[in-house]
Amino acid sequence: MGYRSVETTHLITQLPQKPPRVERGQMILPVTTITASLLGLFLVKLSLNVIKLRLANKVSIGHAENADLERAMRAQGNFSEYVPTALILLALLEWNRAPLELLILLAVTFTAGRWFHSRGIVEPPPKFTNRVRGMKLTLYSLIALSASNLVWLGINFAGSTP
């Protein structure tokens, strides 16, 4: 019979053949979709800030000891470092059907944190109040997203409903 056993063949035939169809008007992960879209546009703005400063200062690589360019690069880089993890955690939480209010609260908190942080780095002289506020909101929302995923997994795994 070759390398497939009867049990394996039986399991393969039991797998769904096609993913469920999403009807027009239905959305999959709408909170994550909106959040990712807004954060994507924000990343474009941060990138354009870097490009503008590179052109103005004729710097193609690095920051050439230009403090404004260095701050703009760090704002863009720091944003790019935190956003993917937050979006993955948000998508997992939404996929597992966490309450809409929780999803929106965490998405707004994270997005606000990234906005405050970038303002705190980019505006000369650096405004540490905004930067600190941004990091607090960012880190608190990442902790909340991580904890919420674990709690929600535990609730669903135990078979309870919130």
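For every chain, the first residue of the written sequence is number 1, and numbering continues from 1 onward in sequence order. In view of the model being predicted, local features appear only for residues whose pLDDT reaches at least 70, and side-chain atom pairs are presented and counted only at 80 or more, with totals across whole chains, interfaces and linings using the full set of residues. Each side-chain value is derived from all of the structure's non-hydrogen atoms; neither hydrogens nor water enter the calculation.

**Comments concerning the overall build of the protein chain**
Working step 1: Segments assigned H or I by DSSP are reported as helices when at least four residues long, segments assigned E as strands when at least two residues long, and all are numbered from the N terminus. In terms of regular secondary structure, the protein chain is built from 5 helices and 0 strands.
Working step 2: Listing the helices and strands of the protein chain from first to last along the sequence gives α-α-α-α-α.
Working step 3: Partitioning the intrachain contacts of the protein chain with sequence separation of at least 6 by distance along the chain shows that 65% fall at a separation of at least 24.
Working step 4: Only carbon and sulfur atoms are counted for the fraction: they give 67% of the accessible area of the protein chain, which is about 11,000 Å². Contacts are assigned to residue pairs with any non-hydrogen atoms lying within 4.5 Å of each other. Each accessible area is a Shrake-Rupley estimate made with a 1.4 Å probe; only the visible protein chains count as cover when residues are assessed.

**So, a nonpolar patch on the surface**
Working step 1: What makes a patch is a set of residues exposed beyond 30% relative accessible area and free of salt bridges, joined within 9 Å when like-charged and within 5 Å when nonpolar (Val, Leu, Ile, Met, Phe, Trp, Tyr). Within this document, salt bridges are pairs made up of a side-chain nitrogen of Lys or Arg and a carboxyl oxygen of Asp or Glu, the two lying within 4 Å of each other. There is a patch of nonpolar side chains on the surface, built from Val-44, Leu-48, Ile-51 and Leu-55 and spanning about 400 Å² of accessible area.
Working step 2: Within the secondary structure layout, Leu-55 lies in helix α2 (residues 30-57).
Working step 3: Among the residues examined, Leu-55 registers a relative accessible area of 64% and is labelled exposed. Here's how the labels work: a residue is buried when its accessible area is under 20% of the maximum for its type, exposed when over 50%, partly exposed in between, all with a 1.4 Å probe on protein chains only.

**Some words on the pattern of salt bridges**
Oppositely charged side chains are able to pair whenever their charged atoms sit close together.
Working step 1: Per the counting criterion, the structure on display carries 2 salt bridges.
Working step 2: The salt bridge involving Asp-68 is made with Arg-71; its shortest N-O contact spans 2.4 Å. Of this pair, Asp-68 and Arg-71 both sit in helix α3 (residues 67-95), separated by 3 residues, roughly a single helical turn.
Working step 3: You can call Asp-68 partly exposed: its relative accessible area is 36%.
Working step 4: A salt bridge links Arg-74 to Glu-81, with the shortest nitrogen-to-oxygen separation between them at 3.3 Å.
Working step 5: Residue classification places Arg-74 among the partly exposed residues on the basis of a relative accessible area of 38%.

**Things to note about the packing of aromatic side chains**
Working step 1: Each aromatic pair joins two rings of Phe, Tyr and Trp (for Trp, the six-membered one) with centres within 6.5 Å, and gets the label stacked for planes under 30 degrees apart, edge-to-face for over 60, and tilted for any other angle. Within the structure shown, the criterion is met by 2 aromatic pairs.
Working step 2: Relative to Phe-79, the ring of Phe-42 has its centre 5.1 Å away and its plane inclined at 90 degrees; by these criteria the two rings are edge-to-face. Of this pair, Phe-42 sits in helix α2 while Phe-79 sits in helix α3, and the two are 37 residues apart along the sequence. The same class applies to Phe-42 as to Phe-79, namely buried.
Working step 3: For the ring pair Trp-115 and Phe-116, a centre distance of 5.2 Å and an interplane angle of 75 degrees mean the geometry is edge-to-face.
Working step 4: Here Trp-115 falls in the partly exposed class, since its relative accessible area comes to 42%.

**Quick look at unusual backbone geometry**
Working step 1: In this model, Leu-29 sits at a positive phi of 55 degrees, which is unusual for a non-glycine residue.
Working step 2: On the secondary structure map, Leu-29 appears in the loop between α1 (6-14) and α2.
Working step 3: One non-glycine residue, Arg-97, lies in positive phi territory at about 65 degrees.
Working step 4: Look at Arg-97 and you get exposed, because its relative accessible area is 71%.

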